[in-house]
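Spelled out from the first residue to the last, the chains are:
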Amino acid sequence: RLDKLDEESADYDDKRMCHSCKHICFFSAVCCECSDSKVSCLRHSHYMCRCSINRKYILIWTPENEMRETISRVEKRGEELSESQPVTKIKASSIHKGALENAPGSAKDRVFHQTYEVPDLPI
């Protein structure tokens with residue numbers, strides 16, 4: 001019975017995996033009318049397909065109140081951890097041995113995504 005449950009859980013998680021970053025979309029995902037199987041996280045919905053935003057919709061698996069409760073519990077746990085453990089500071093120079101460079105074209109993409117507003121039109 002446990003093997004079957006694990007197999008079913010893995011299959012369910014595979015169906016909720018972001019097409020782009022491969023993270024599991026726990027609470028919600030963006031889908032498009034052009035595909036029965038592709039989903040993406042909100043951050044990568046524009047990579048999923050070339051369809052217009054009018055063809056995309058959001059699937060929500062978890063009610064909003066449950067999401068808010070989960071966020072609250074995670075924030076509380078984060079505060080508990082930060083209070084209980086001393087902070088160890090690492091110098092940036094010990095991690096990177098030189099200046100970081102932007103990938104070609106990334107500056108334009110960064111500006112676009114930082115200023116892009118996701119429309120909240122009714123479905």
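Conventions we followed
Residues numbered from 1 in each chain as written. Predicted model: local features only at pLDDT ≥ 70, side-chain atom pairs only at ≥ 80, totals over all residues. Heavy atoms only, no water. Salt bridge = Lys/Arg side-chain N within 4 Å of Asp/Glu carboxyl O. Helix = DSSP H or I, 4+ residues; strand = E, 2+ residues; numbered from the N terminus. Core = buried A, V, L, I, M, F, W, Y, C linked by side-chain atoms within 4.5 Å. Buried < 20%, exposed > 50% of the residue type's maximum accessible area, 1.4 Å probe, protein only. Contact = heavy atoms within 4.5 Å. Phe/Tyr/Trp six-rings, centres within 6.5 Å; stacked < 30°, edge-to-face > 60°. Lys NZ or Arg CZ within 6 Å of the ring centre and 35° of its normal. Patch = residues over 30% accessible without salt bridge, like charges linked within 9 Å, V, L, I, M, F, W, Y side chains within 5 Å. Areas by Shrake-Rupley, 256 points an atom, 1.4 Å probe, with all protein chains shown as cover. Pairing = 2+ DSSP bridges.

**What about the pattern of salt bridges?**
Now for step 1: Tallied over the full model, the rule gives three salt bridges.
Now for step 2: Notably, a salt bridge pairs E80 with R77, separated by 3.3 Å at the nearest N-O pair. Taken together, the positions of E80 and R77, both in helix α3 (residues 64-84) and three residues apart, correspond to about one turn of that helix.

**Some points on the nonpolar core**
Now for step 1: Core analysis: the biggest nonpolar cluster contains six residues, these being C18, C25, A29, C31, V39 and C41.
Now for step 2: Leaving out residues up to four positions away in the same chain, C31 has contacts with K38, V39, M48, R55, K56, Y57 and L59.

**With respect to the packing of aromatic side chains**
Now for step 1: Counted by the stated rule, this structure contains zero aromatic pairs.
Now for step 2: Just above the ring of W61 sits the side chain of R16; from NZ or CZ to the centre is 5.6 Å.

**Focus on the environment of H113**
Now for step 1: Residue position: H113 is located in helix α5 (residues 106-115).
Now for step 2: On a C-alpha basis, the gap between H113 and R43 in space is 9.1 Å, while along the polypeptide they are 70 residues apart.

**Quick notes on a nonpolar patch on the surface**
Now for step 1: Taken together, I53, F112, Y116 and V118 make up a surface patch of nonpolar side chains, about 410 Å² in accessible area.
Now for step 2: Within the element layout of this structure, I53 appears in the loop between α2 (45-48) and β2 (56-60).
Now for step 3: The partly exposed category is assigned to I53, whose relative accessible area is 45%.

**Some thoughts on the pairing of strand β1 (residues 28-32)**
Now for step 1: Counting buried positions along β1 gives four out of five residues, so the element sits mostly inside the fold.
Now for step 2: As judged from the five bridges shared by β1 and β2, these two strands associate in the antiparallel manner. Bridge pairing links C31 to Y57 in β2.

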